[in-house]
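Take a look at the letters that make up each chain.
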Amino acid sequence: MKTRFILCCLILFHSIGLLAENYPYRSDVLWVTEPDHCDWIYHTGEQAKIEVRLYQYGMPQDGIKVNYELADDLMPADSHGSVTLQNGRAFIKAGTMKEPGFRDCRLTAHLQGKTYRHHIKIGFSPEQIRPYTQKPADFEAFWDENIKEASAFPLSYTMSPVKELCTEKVDCYLVKLQLNRKGQAIYGYLFYPKGATSKSCPVVLCPPGAGIKTIKNPLRHAFYAEQGFIRFEFEIHGLNPTWSEEMFQEISRAFNGAENGYLTYGLDRRDNYYMKRVYLACMRCIDFLTSLPEWDGKNVIVQGASQGGALALVTAALDKRVTLCAASHPALSDMAAYRAGQADGYPHFSKIKGMDTPEKRKTMAYYDVINFARQITVPAFLTWGFNDNTCPPTTSYAVYNTLTCPKEALITPVNEHWTSDTTEHAILEWIEKNLQ
């Protein structure tokens, strides 16, 4: 296993200050938390200590009381305490863990009548984290049958130029891709290197993060096409991304009983679950991309983050045409782990009323990224942060530790549910390095 660590403890001011969610832009107050292990990782049974610093206007605060609570990843607090800053700093004894996992130190301080919060997670033997989720005996048969049925539908799509998204180096098309005889379809933006010739380009499929929303800032990954890749970034609900933001918000309010409620639809039966169509749509996207005359005939890459990271891993498992997979903090991973008292993957069914039933848990197993990770054979690149409460590090490690394919990880401990521009370019560098 090849793993690279971004060691953030000593460079927070220089590289994180304006970008990280836990260091908000133009904030007068800055938290700095530094574990006594610079990679934020300990062995089980090893005692951890965290240095806490608090700055206002860049000046260390003295005599300020900082309340803290300690908890396992995503779990209720099991320990409370407080420290007082002296010369702008204090130390918290964060304890240890007997089993592999993560501890979360959650901080609160009051300055001039306002409350400021922060948190930091540290890992204990995380390379030994194992998933709770088990694979159903007929997992492969279920998906083989559905893939066979979906692939019987002829490839059908339309492509329309999108002039406002074309640049000097990139051409863009709006694609509507038909999925099945029910008339269901997905939309996406297809980016080409300008002047691409026959059989010259690797293709990249980019599934979206969770939500019913338009494809925001489509040009943010234009550097793929600028480097010679054909990239298809799509949405999963059959909604045209050229519609207004207001229209998407109205649809989302009408469609969702709760945040991203589509992730709960049909969960009582594996054949009725909403995400079955989505997983199969990813394979139809591969049909589309590999039909393009400019495809180089060799390289098929899937790349995404959060829900998109989950879909990238799922597609790499189901579609043998995929040659590389890159996923950031994948969602839909070890979703029933709460049954073992562990952090569960997004959408956190443990927190949604009525979701913890035998029928729903049975369906979850057919859609859990853990079970797809067991089948991936192509090289994979994963990246995730420790401070992520949406797709917690416990589940990212569970996925990574399950992979038996050639794999590499870029671990960025300070990250919450985001990746930096530098990391986004590092993913492309890994892809370029591993092309056939």
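Quick caveat, the model's predicted, so the values are computed rather than measured.

Rules behind the numbers
- Residues numbered from 1 in each chain as written.
- Predicted model: local features only at pLDDT ≥ 70, side-chain atom pairs only at ≥ 80, totals over all residues.
- Heavy atoms only, no water.
- Axes fitted to C-alpha atoms, helices over the stretch in contact; angles between N-to-C directions.
- Helix = DSSP H or I, 4+ residues; strand = E, 2+ residues; numbered from the N terminus.
- Parallel < 35°, antiparallel > 145°, perpendicular 65-115°, else oblique.
- Left-handed = near helix turned anticlockwise from the far one by under 90°.
- Contact = heavy atoms within 4.5 Å.
- Nonpolar A, V, L, I, M, F, W, Y, C, P; charged D, E, K, R; others polar.
- Phe/Tyr/Trp six-rings, centres within 6.5 Å; stacked < 30°, edge-to-face > 60°.
- Buried < 20%, exposed > 50% of the residue type's maximum accessible area, 1.4 Å probe, protein only.
- Polar contact = N/O pair within 3.5 Å; in protein donor to acceptor, adjacent residues only side chain to side chain.

A.B. asks: Quick question: what am I supposed to make of the packing of helix 2 (residues 139–151) against helix 7 (residues 358–367) here?
C.D. replies: Each pair of packed helices gets described by two things: the angle between the helix axes and the distance between those axes. Running from N to C, helix 2 and helix 7 cross one another at 70°; their axes reach a closest spacing of 10 Å. In terms of their interaxial angle, helix 2 and helix 7 are classed as roughly perpendicular. Handedness of the helix 2/helix 7 crossing: right-handed. Together, Phe139, Phe142 and Trp143 of helix 2 and Ala365, Tyr366 and Tyr367 of helix 7 make up the contact between the two elements. Classifying every residue of the contact of helix 2 with helix 7 gives six nonpolar, no polar and no charged.

A.B. asks: Which parts of the structure should I look at to understand the packing of aromatic side chains?
C.D. replies: What describes a pair of aromatic rings is the distance from one ring centre to the other and the angle between the planes of the rings. Here the structure, examined in full by the defined rule, presents 26 aromatic pairs. Measuring from centroid to centroid gives 5.3 Å for Phe232 and Phe288, while their planes differ by 65°, and the two rings are edge-to-face. A residue pair is termed long-range when its members are at least 10 positions apart, and Phe232 in strand 15 (residues 230–234) and Phe288 in helix 5 (residues 274–291) qualify at 56 residues. Each member of the pair, Phe232 as well as Phe288, is classed as buried. Ring geometry for Tyr279 versus Phe372: centroids 5.6 Å apart, planes at 80°, classification edge-to-face. Taken together, the positions of Tyr279 in helix 5 and Phe372 in helix 8 (residues 369–373) put the pair 93 residues apart, joining distant regions of the chain. An aromatic cluster is built from Phe139, Phe142, Trp143, Tyr273, Tyr279, Tyr366, Tyr367 and Phe372, whose rings are joined through pairwise contacts.

A.B. asks: Looking at this model, I keep getting lost on unusual backbone geometry. Mind explaining?
C.D. replies: Leaving glycine out, the prevailing phi sign among residues is negative, and the prevailing peptide bond configuration is trans. Omega for the peptide link from Tyr346 to Pro347 comes to 20°, which places this bond in the cis form. Positioned with a positive phi, Ser125 is a non-glycine residue whose angle comes to about 45°. By secondary structure assignment, the location of Ser125 is in the loop between strand 10 (114–124) and helix 2. When its relative accessible area of 2% is taken as the criterion, Ser125 is described as buried. Phi at Asn217 is positive, roughly 45°, even though this residue is not glycine. Secondary-structure assignment places Asn217 in the loop between strand 14 (201–206) and helix 3 (222–226).

A.B. asks: Explain the side chain of Arg103 to me, please; I cannot follow it from the model alone.
C.D. replies: Along the polypeptide, Arg103 turns up in strand 9 (residues 101–111). Side chain to side chain, Arg103 and Asp72 meet in a polar contact 2.9 Å long. Looking at Arg103, its side chain comes within polar contact range of the side chain of Asp78, at 2.8 Å. In this view, Arg103 contacts Leu70, Ala71, Asp72, Asp78, Ala94, Thr96, Met97, Ile120, Lys121, Ile122 and Phe124; residues no more than four positions away in its chain are not counted.

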